[in-house]
Amino acid sequence: MLSVFQAALDCLLIADPRNKCESVFALQQRFHAEKIDLANTIDVSSIITPGRPELPKLVPPQQVPKRKLATEEGRIALIHAIAHIEFNAINLALDAMLRFQDMPNEYYQDWMRVAFEEAQHFTMLQKRLQQFGYNYGDFDAHNGLWEMAMKTRDSVIARMALVPRVLEARGLDVTPGMIKRLENCKDFETVEILKIIFEQEIGHVAIGSRWFKYACERIDLDPEETFQELLKKYMSGELRGPFEIDARKKAGFSSIELQALQNV
Ligand SMILES: [Fe+2]
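This section reports on the structure supplied with the text. (Residues numbered from 1 in each chain as written. Predicted model: local features only at pLDDT ≥ 70, side-chain atom pairs only at ≥ 80, totals over all residues.)

## Quick word on the overall build of the chain
The condition is simple: Under the DSSP-based scheme used, a helix requires at least four consecutive residues in state H or I and a strand at least two consecutive residues in state E, with every element numbered from the N terminus. Atoms considered for the radius of gyration are the C-alpha atoms alone. The globule rule reads 2.2 Å times the number of residues to the power 0.38. For the exposure call, what matters is how many other C-beta atoms sit within 10 Å of a residue's own: 20 or more marks it buried, 12 or fewer exposed, and in between partly exposed, using C-beta atoms placed from the backbone. C-beta atoms are placed from the backbone for every residue, and two residues are taken to be in contact when these atoms lie within 7 Å.
Scanning the chain from terminus to terminus reveals eleven helices and two strands. Each helix (α) and strand (β) of the chain, taken in turn from the N terminus, gives the series β-α-α-β-α-α-α-α-α-α-α-α-α. Here the C-alpha radius of gyration of the chain, 18 Å, is about what a compact globule of 264 residues would show, namely 18 Å. With respect to the three principal axes, the spread of C-alpha positions in the chain is 50 × 40 × 30 Å. Looking at the chain as a whole, 41% of its 264 residues are labelled buried. A separation threshold of at least 6 residues defines the contact pool for the chain, and within that pool the share at least 24 residues apart is 79%.

## Details of the packing of helix α9 (residues 223-235) against helix α11 (residues 255-262)
The condition is simple: The convention used is that axes are lines fitted to C-alpha atoms, helices contributing only their stretch in contact, and that angles between N-to-C directions extend from 0 to 180 degrees. Comment on the angle field: the value is read as roughly parallel under 35 degrees, roughly antiparallel over 145, roughly perpendicular from 65 to 115, and oblique elsewhere. Left-handed describes a crossing whose near helix is turned anticlockwise from the far helix through less than a right angle; right-handed describes the clockwise counterpart. Gly falls in the polar group here, along with every residue not listed as nonpolar (Ala, Val, Leu, Ile, Met, Phe, Trp, Tyr, Cys, Pro) or charged (Asp, Glu, Lys, Arg).
At a minimum axis separation of 10 Å, α9 and α11 run at an interaxial angle of 15°. It follows that α9 is roughly parallel to α11 by the angle criterion. Handedness of the crossing formed by α9 with α11: right-handed. Seen from α9, the contacting residues are E224, F227, Q228 and L231; seen from α11, they are I256, E257 and A260. Each residue belonging to the contact of α9 with α11 can be placed in one class, and the counts come to four nonpolar, one polar and two charged.

## Focus: the nonpolar core
What counts is decided by this rule: Buried Ala, Val, Leu, Ile, Met, Phe, Trp, Tyr and Cys residues whose C-beta atoms connect them within 7 Å together make up a nonpolar core.
Ranked by internal contacts, the top residues of the largest apolar core, which has 67 residues, are A93 and M97. Elements represented by at least two residues in this core include exactly α1 (4-13), α2 (17-33), α3 (72-99), α4 (105-131), α5 (144-151), α6 (156-168), α8 (188-218) and α9. By residue number, the principal contributor to this core is α3, which donates 16 residues. Other than its neighbours up to four places away in sequence, A93 contacts W111, V114, A115 and E118.

## Comments concerning the environment of Q62
In this structure, Q62 sits in the loop between β2 (36-37) and α3. Using a count of 6 C-beta atoms within 10 Å as the deciding quantity, one classes Q62 as exposed. Separated by 80 residues in the primary sequence, Q62 and H142 place their C-alpha atoms 8.8 Å from one another.

## Quick look at the environment of W146
With respect to the helices, strands and loops of the structure, W146 is situated in helix α5. Those residues in contact with W146 that sit more than four places away from it in its chain are P50, N88 and N91.

## As for helix α7 (residues 170-184)
The α-helix advances 3.6 residues per turn, and as a result positions three or four apart in sequence lie on the same side. To keep things clear, this is the line we draw: To estimate the expected span of a helix, subtract one from its residue number and multiply by 1.5 Å.
Compared with an ideal rise of 1.5 Å per residue, which puts 15 residues at 21 Å, α7 spans 22 Å between its outermost C-alpha atoms and is within 8% of the ideal. Within the sequence span of α7, burial applies to G171, L172 and L182. On its buried side, α7 packs onto α6, α8 and α10 (245-250). K186 lies just past α7 and shows a positive phi near 65°.

## As for unusual backbone geometry
Generally, phi is negative for residues other than glycine and the peptide bonds are trans, each holding for most cases. Here the residue pair L55 and P56 is connected by a cis peptide bond, since its omega of 10° sits within 30 degrees of zero. Position of P56 among the secondary structure elements: in the loop between β2 and α3. In this structure, the amide linkage connecting G241 to the following residue, P242, adopts the cis form with an omega of -5°. By secondary structure assignment, the location of P242 is in the loop between α9 and α10. A positive phi angle, near 65°, is found at K186, a position not held by glycine. Counting through the fold element by element, K186 comes out in the loop between α7 and α8. Non-glycine residue D220 carries a positive phi angle of around 60°. Mapped onto the elements, D220 comes out in the loop between α8 and α9.

## Looking at the packing of α4 against α8
Two elements in contact, α4 and α8, have axes whose closest approach is 10 Å; the angle formed by their N-to-C orientations is 160°. Considering the angle they form, α4 stands roughly antiparallel to α8. Handedness of the α4/α8 crossing: left-handed. Of α8, the residues touching α4 (which contributes Y107, D110, V114, E117, H121, M124, L125 and R128) are E189, T190, I193, I197, Q200, H204, I207 and W211. Across the contact of α4 with α8, the residue classes break down as eight nonpolar, four polar and four charged.

## Thoughts on the environment of M235
Turning to its location among the elements, M235 is positioned in helix α9. When near neighbours in sequence (up to four residues on either side) are disregarded, M235 contacts V166 and V264.

Written as structure tokens, this is what we have:
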């Protein structure tokens, strides 16, 4: 039997990126091969930082270096920034499994798949950085994703709304533009990676939408109204468009929610 919560915690706490990815790949295999145990719950209230390497140095968002894609260094900084998002996304998927221990079996299957794909994304980007002679950790980065995970650690509804459906969904809006700019720079290898990531991220946000709706309906909340209230509570004045409407529809946003995003 696979003790899901303990296994997710073990992976979350691994600091070395390569080890973490390999452990996530192994855990994904066990999910397919073994019976899943969700009965052994564990207390995670003391877990407030995930495992991560000493570098990158975490700095306020304003201090993260600006990226001019026309230069090779700018492109490398962009690849690094996305690698950082993917590294965080592994932890966020593991934390979604671990933090909310009263969800149906498929919830854990879904987030396991996300953790697995995020580890693949990170691995591809780390390889790309190495082709340029760099490594994950070589540029400063910010901690906004994990901070939002901690702000929403007591509510699966708030977590699903704010982390996959707001912060990670931002990737759906900005990635097509990045792909175009990288095509202009003729960096087709990075373009190929971003195309894979973009398609899979739609699925990840859709998983967020699925479980957001489930968690709302479980306690008789209207998902669309609840999403709007959470946007106002957590993101007032901080949401940035424009939004990639097609990708967001595929990821489970309703017309009312898309309207709400534009009005926050
Ligand atoms: Fe990803």
